[in-house]
Amino acid sequence: NWDNCNACKFPKFVLDKIKRCVTTATHISNDQQRDAEYVIAEIEKRFHLYQGHIARVLCQELAIKETHGRMRDKCIEEKKSTECLWVLDWKMKFEAKGSRETTSEHFGKRGIGWHGILLIYYDYALTPFRDEQGTLKWKDDAIRYMCYIDQILDIDNKQDVSAVASMIDAAMDQINKEEKLPKFERILIQSDNAKCYSSLLSWHIAIINGSYKNRNIRVSEFFHTETQNGKGLIDAHFAIGTYHLIRFLKDKEENKVKKIATPAGLAMALSWNGGIQNSIVQLVRLDRIKLQKIKSVLEPINKKSSKYFSRVNHMYFAKPEGDWVERNPTSIDSISEAEFEVKVFAYSGIGDGLHCRISVKRKSFEVVEGSSFGTSADESEEEKLISSDIEDTIDIDDTADSEPDEGFENVCVEDEQNCDERVKPLEREADFIIEERGEFGDGSEEYIVQINENTDELIEEIRDELQDISDENPELDNIGMVSRENSIYAETTSGYGFCDTLEGKNMVTGVYVVARTKYQNILGPRKKPKKINEEKHNNLESRKDVVAFCVRRAMFLIDSGEFKIRNGKDTMEEYKQAESIRLLPHERRRPGWAIRPKQGKTYGTMFIKEYKADIEAYFSEGEKDSTKKSSPDIMIERLKEKYAGRYSLPGYNEVRQLISKIIKKRKEDEKKRKAAEKRRQKKEKEKEKDEHADILVGVKRSGSSTTEDMSRNKRRKRVVISDAYIDTLKGLLVEDRRMKPAVALRIFKEKYIDDNGKYPGDFPDDQRIKSKFSNIKNSFKIT
C-alpha cells in the first residue's frame, strides 16, 4: 500500500520540512519565498512521477521474471527447450577504425549499423544435491544459457522498423537451422521503446510468423520495457565486442595495416580468431523495395490501432491461421490478405488486456469482447499463461555456480570470453563415477552416472575422467561435454562464410544474409582455474585489480569516520520519521495513479518557459557575433546573474533542448524562404518566356501601332498566320530565292502598312514573320 509506506511518504516528509523553513525564513524577500514554494511544489510532482515510473518498472520486471520461471518450468516438464527470450537493441553506429590512419581518414567517417540480439533459453539437465543425510542425489533442473547474435547492416544504414523486421527474420531463419541449438517453437522478444521498435514492428512480426508456420517456430510475445530498463546484458556484450575489435586491430602482422572501415570488414573482424564465445555474426543486406511495399500495406492498420493504444508494454501473438498462410506467405499478395490476432496490455500483468482481430485485406482493426484468445490447443494453453498470477514466480538465480574452494580464486587463463558461467551441471563438483554401459541404436555410447557416498577425495580424478570421456566422444551431449576440435568451427578458424544468394527470395522481408558464422564454443568445457596461494590471495597490498582497490578505499573511508557504513538492503531508519505524515484525501493514491504520462509530460513542468526570450536573445547574439557564442552552461550563469536569488532557473538539459528547437526552427524557416524564392524565380522565368515566345501574334492596339508598341505588349493572342500573308511571303521567295529574312521582313511590312503608319489587326510580329519566311525557304530547297 503506497499510502501506508513510510519510504514512499519520506519525500513528502522532507519537502514539508523544507517548506516550513522557507515560510518562516526572514532573510529572503516575498518574491523569493513564492519562487521557492513554487519549486518545492514542482519537485513534489516530479517525485510522484518518478514513483509511478518505479511502479511500472516493478510490474515489468515481475512479468519478465515470471516469464523466466515459466520457461524454466516448461523445460523441466517437457525435458527439452522449446522457448527462448530475445533481447533486442542497436549499438551506437560503429565508426571506422584502423591500427593506423592518416589525418584525412580521421574525418568524415560514416557509421555502420550494428544490431544485437541476446538469446536466452533453458536446457534440461540433472543437477546433483545432498539430502538431509548428506547423500548425493540428482534432481531435474533447467540450466540457463545465453547466445548473442551480432547483425551488421550492409550497404544500407537506416535503423528503422523495416530494418529491425529484417533482422528478426534473418535471426529466426538461422536459429531454426542451427544444429547445436534446441528446436525452439516459441520466441519471446524484449526491447526498449525506441521508434524502430514501435507498434508498426508488431504487425511486421505477425506477418513473419505466418512465413514460419511450416517450420513450427514463431514469436509468441513482445515486451516493451520501461525507459532505461532491461538492457544491461546486451550492452555488456557490445562492450566485449568492441574489446574484441581492438584486439583484432592490435594483432600484429608484418607490413600490414589493419582497418575496419566497411560493414563486411566489421563482420569479418567480429568473427576473427573464432569470434566471441557463444555468439553468431551475420552480414545482412535489406530489400528496401519489398520492405516499402510491406510497410505501405501495414500502415493503414497501424493508423487504426493508434485509436486504441499508442504504447504497450506486453503483446501476445496468436498462432497464424488462414488461407494466406497456406498459400505463399512471403508474397506481397498473400501479405495483403493477412489476418491475425493479438492481445495487448498497456502495463505488464495489469488488467485483462485488449483482444484485437486485424484484417489487412479489409483494413480493419476490431476489438473483440468476451472471446477467448486463439482457438487451437496451443493457444488455449497460452490463454492460461496470460491469465496466470505474476506473483507465482520462481527465482531464476538458484542455478548459480557454487562458490570456489577456500583459499583459491578463479582466475581466467585466457581472456574473459573464455570464462563462461553457463556450463553443464555435471561439470560442477560432485560425488559420482562414470560407468560405460553399451551403445545406443545409433552407435553412440551410453554412460550411467552412479552415486558413491565416499568419493569426496576423487573429485579431481572424476573431472579428469570426464574430460577423457569427452575427448574420446566429442558428440556426447548427456554429460555436457563437446570437444573444441570437433565443434562446428574450431577456435583456429573464424567459421565465417558466404551464403547462397537465393536465400533472400524465400524470406518474407526479402532479407539476404551475405555472410555468417555458426553457433560455436557453446558447450565447450570451462578452462581449469589457476590456483593461487592463499597468502598471496589475502595480501591486498600486492594486488592492483579493481576489487583490491575498492577494498582498500572502503577500509580508508571506514577508518576516517567521515562516512557511516550500513547494509543497503536494510530499511533506512530515517523512513520511520515519515510515519507521522497523514495524507489528505486529494493526496491519496487512487487506482491508476502510476499511469504513464502523455508525451512531453514525463518529467513534469519545465522551468524554461519564463526564460525562453532570454535564451533566444543569447543565441541571437552568438549568431551575429561569433565572439559572443555561449554554451548552455554559460547561458545559465548569465541567467543567475540577471535573476539573482531565484530558484526556478532552468537546468542544462532544458536549455540544450531549447537551443536545438531554435536551430531546427531557423533551418526550417531558411528552407521555406529558399523554396519561396525558388518559386518566385520560376514564375518570373515563365513570365519572361511568355513575353518572348516566337508564336505570339499581335493584338488590337489603341493609339500607335508601331512594331515597338507591339513588342511592349506583355500578352498577345496566339493565332495562325493567315493564308494571304503566307502567299505574300511565298511570292517574295519566288522573286528571289536568295532573299534574306531581314530583307523579306522589310518588304513584307511595306506592303501592308497604310498611310497612317498602322498595320492590320491580325498582323504578325517581326520574329514570327522572319521565322515563317525561313520555314518556307527551307521547304523550297527540299522541293
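Thresholds, definitions, all that
- Per chain, residues are indexed from 1 in the order of the written sequence.
- Local features in this predicted model are restricted to residues of pLDDT 70 or higher, and side-chain atom pairs are both shown and tallied only at a pLDDT of 80 or more, whereas totals for entire chains, interfaces and linings draw on every residue.
- To obtain the side-chain values, all non-hydrogen atoms of the structure were included, while hydrogens and water were left out.
- Numbering goes from the N terminus for both helices and strands, where a helix is a DSSP run of H or I of at least four residues and a strand is a run of E of at least two.
- Burial classification: accessible surface area is computed with a 1.4 Å probe over protein chains only, and a residue below 20% of its type maximum counts as buried, one above 50% as exposed, and the rest as partly exposed.
- Between two residues, a contact is recorded if the distance between any of their heavy atoms is within 4.5 Å.
- Accessible surface is estimated by sampling points in the Shrake-Rupley manner with a 1.4 Å probe; for residues, cover comes only from the protein chains shown.
- What makes a salt bridge here is a side-chain nitrogen of Lys or Arg within 4 Å of a carboxyl oxygen of Asp or Glu, nothing more.
- The criterion is simple. A nonpolar core is a set of buried Ala, Val, Leu, Ile, Met, Phe, Trp, Tyr and Cys residues joined through side-chain atoms within 4.5 Å.
- Whether two strands pair comes down to DSSP finding at least two bridges between them.
- Lines fitted to C-alpha atoms define the axes here, with helix axes fitted over just the stretch in contact, and angles between the N-to-C directions of these axes take values from 0 to 180 degrees.
- By definition in this entry, angles of less than 35 degrees are roughly parallel, angles greater than 145 are roughly antiparallel, angles of 65 to 115 are roughly perpendicular, and the rest are oblique.
- Here a crossing is taken to be left-handed if its near helix is turned anticlockwise relative to the far helix by less than a right angle, and right-handed if that turn runs clockwise.
- Side-chain classes follow a simple rule in which Ala, Val, Leu, Ile, Met, Phe, Trp, Tyr, Cys and Pro form the nonpolar group, Asp, Glu, Lys and Arg form the charged group, and the remainder, Gly included, forms the polar group.
- Two rings belonging to Phe, Tyr or Trp (six-membered ring only in the last case) form a pair when the distance between their centres is within 6.5 Å. Interplanar angles under 30 degrees mark stacking, angles over 60 mark edge-to-face geometry, and anything in between is tilted.
- Only residues whose relative accessible area exceeds 30% and that take part in no salt bridge are eligible for patches, with like-charged residues grouped when within 9 Å of each other and nonpolar side chains (Val, Leu, Ile, Met, Phe, Trp, Tyr) grouped when within 5 Å.
- Per-residue confidence from the predictor is given as pLDDT, running between 0 and 100.

Enquirer: What is the right way to look at the overall build of the protein chain in this model?
Expert: When its secondary structure is counted, the protein chain shows 21 helices and 16 strands. Evaluated residue by residue, the protein chain yields a buried proportion of 43% over its 783 residues. In the protein chain, the proportion of contacts linking residues at least 24 apart, taken out of those at least 6 apart, comes to 74%. Summed over all atoms, the accessible surface of the protein chain reaches about 45500 Å², with 50% contributed by carbon and sulfur.

Enquirer: Where do I start with the pattern of salt bridges in this structure?
Expert: Side-chain pairs of opposite charge can arise whenever the charged atoms involved come near each other. The full count for this structure, using the stated rule, is 32 salt bridges. A salt bridge links Lys-213 to Glu-326, with the shortest nitrogen-to-oxygen separation between them at 3.3 Å. Separated by 113 residues along the polypeptide, Lys-213 in the loop between helix H5 (199-211) and strand S6 (218-224) and Glu-326 in helix H9 (residues 323-326) bring together distant segments of the chain. Residue Lys-213 is classed as partly exposed on the basis of its relative accessible area, which comes to 23%.

Enquirer: Help me understand the nonpolar core in this model?
Expert: It is characteristic of soluble globular proteins that their nonpolar side chains tend to be buried jointly. By size, the foremost hydrophobic cluster in this structure holds 68 residues, and its most contacted members are Trp-86, Ile-168, Met-172, Ile-189, Leu-201, Trp-203 and Val-342. Looking at this core, the element that brings in the most residues is helix H4 (residues 161-177), giving ten residues. In this structure, Tyr-124, Ala-142, Leu-249 and Trp-272 belong to the second largest nonpolar core, which totals 37 residues.

Enquirer: What exactly am I supposed to notice about the pairing of strand S3 (residues 112-130) here?
Expert: A regular strand places its side chains so that they alternate between the two faces of the sheet. Counting buried positions over the 19 residues of S3 gives 16, a clear majority of the element. Both strand S1 (residues 83-94) and S3 contribute to a ladder of nine bridges, which runs antiparallel. Along S3, the bridge assignment pairs Leu-85 with Ile-120. Pairing analysis gives 17 bridges linking S3 to strand S4 (residues 136-154), with the strands arranged antiparallel. Residue pairing for S4: Ile-117 is matched across the bridge by Ile-149. Turn length for the S3-S4 hairpin, with the two strands adjacent in sequence and antiparallel, is five residues, and the turn residue Gly-134 shows positive phi of about 90 degrees.

Enquirer: In this structure, what is going on with the packing of helix H15 (residues 612-624) against helix H16 (residues 632-642)? I would like to understand it.
Expert: To characterise two packed helices, one gives the angle between the axes of the helices and the distance between these axes. Running from N to C, H15 and H16 point in directions that differ by 125 degrees, and their axes come no closer than 11 Å. Taken together, the axis directions place H15 and H16 in an arrangement best described as oblique. Like other packed secondary-structure pairs, H15 and H16 cross with a definite hand, here right-handed. Here H15 contributes Asp-614, Ile-615, Tyr-618, Phe-619 and Glu-621 to the contact with H16, which in turn contributes Met-635, Arg-638, Leu-639 and Lys-642. Classifying every residue of the contact of H15 with H16 by side-chain character gives five nonpolar, no polar and four charged.

Enquirer: Looking at this structure, how should I read the packing of aromatic side chains?
Expert: The geometry of an aromatic ring pair is captured by the separation of the ring centres together with the interplanar angle, meaning the angle of the planes. Applying the stated criterion across every chain yields a total of 21 aromatic pairs. Centre to centre, the rings of Phe-248 and Trp-272 are 5.7 Å apart; their planes meet at 70 degrees, and the pair counts as edge-to-face. Of the two residues, Phe-248 is situated in helix H6 (residues 232-250) and Trp-272 in the loop between helix H7 (263-270) and strand S8 (279-285); the sequence distance between them amounts to 24 residues. Grouping residues by exposure puts Phe-248 and Trp-272 together as buried.

Enquirer: Got a minute to help me understand a nonpolar patch on the surface in this structure?
Expert: On the surface, Ile-558, Phe-563 and Ile-565 cluster together to form a nonpolar patch covering roughly 320 Å² of accessible area. By the element assignment, Ile-558 lies in helix H14 (residues 546-560).

Enquirer: Any chance you could explain the environment of Lys-158 here in plain terms?
Expert: Following the sequence through the fold, Lys-158 ends up in the loop between S4 and H4. In the structure, Lys-158 is positioned 46 residues away from Ile-112 in sequence and 9.5 Å away in space, judged by C-alpha atoms. Those residues in contact with Lys-158, other than ones at most four positions away along the chain, are Leu-153, Ala-163 and Arg-288.

Enquirer: What is the right way to look at the environment of Arg-737 in this model?
Expert: Its place among the elements puts Arg-737 in the loop between helix H19 (723-735) and helix H20 (741-752). Looking at Arg-737, the relative accessible area reads 53%, which means it is exposed. Separated by 40 residues in the primary sequence, Arg-737 and Lys-777 place their C-alpha atoms 7.4 Å from one another.

Enquirer: Sorry if this is basic, but what is going on with the confidence of the model for the protein chain here?
Expert: Should pLDDT be low for a region, the predicted coordinates there are not to be read in detail. Averaged over the protein chain, the pLDDT score is 75; the fraction of residues at 70 or greater is 73%. Here residues 387-463 is a poorly scored stretch, pLDDT under 50, and it has 148 contacts once near neighbours within four places are set aside; other chains count. A low-confidence stretch, residues 469-494 stays under pLDDT 50, and its non-local contacts, those more than four residues away or across chains, total 58 contacts.

Enquirer: So what exactly am I meant to see when it comes to the pairing of strand S12 (residues 364-367) here?
Expert: Here strand S11 (residues 354-359) pairs with S12 via four bridges, running antiparallel. When the sheet's bridge partners are listed, Cys-356 is paired in S12 with Val-367. Count of turn residues in the S11/S12 antiparallel hairpin: four residues, of which Lys-363 carries a positive phi of about 55 degrees.

Enquirer: Is there a simple way to explain the environment of Lys-304 in this structure?
Expert: By secondary structure assignment, the location of Lys-304 is in helix H8 (residues 288-305). On the basis of relative accessible area, Lys-304 is assigned to the partly exposed category, the value being 33%. Through-space distance from the C-alpha of Lys-304 to that of Ser-364 is 7.7 Å; in sequence the pair is 60 residues apart. Here Lys-304 is in contact with Lys-363, Ser-364 and Phe-365, once residues within four sequence places are set aside.

Enquirer: Would you take a moment to explain unusual backbone geometry for this structure?
Expert: Across the chain, the bulk of peptide bonds are trans and the bulk of non-glycine residues have phi less than zero. Phi angles above zero are rare outside glycine, and Asn-216 is one such case at about 55 degrees. For Asn-216, the location among the structural elements is in the loop between H5 and S6. Judged by relative accessible area, Asn-216 falls into the partly exposed class, the value being 44%. With a phi angle near 55 degrees, Lys-363 is a residue other than glycine that sits in the positive phi range. Structurally, Lys-363 can be placed in the loop between S11 and S12.

Enquirer: Explanation requested: the packing of H4 against H5 in the structure shown.
Expert: Interaxial distance between H4 and H5 falls to 10 Å at its minimum, and their mutual angle equals 30 degrees. Considering the angle they form, H4 stands roughly parallel to H5. When you trace H4 past H5, the crossing you get is right-handed. Residues Val-161, Ser-162, Val-164, Ala-165, Ile-168, Asp-169 and Met-172 of H4 form the contact with H5, whose own contacting residues are Leu-200, Leu-201, His-204, Ile-205 and Ile-208.

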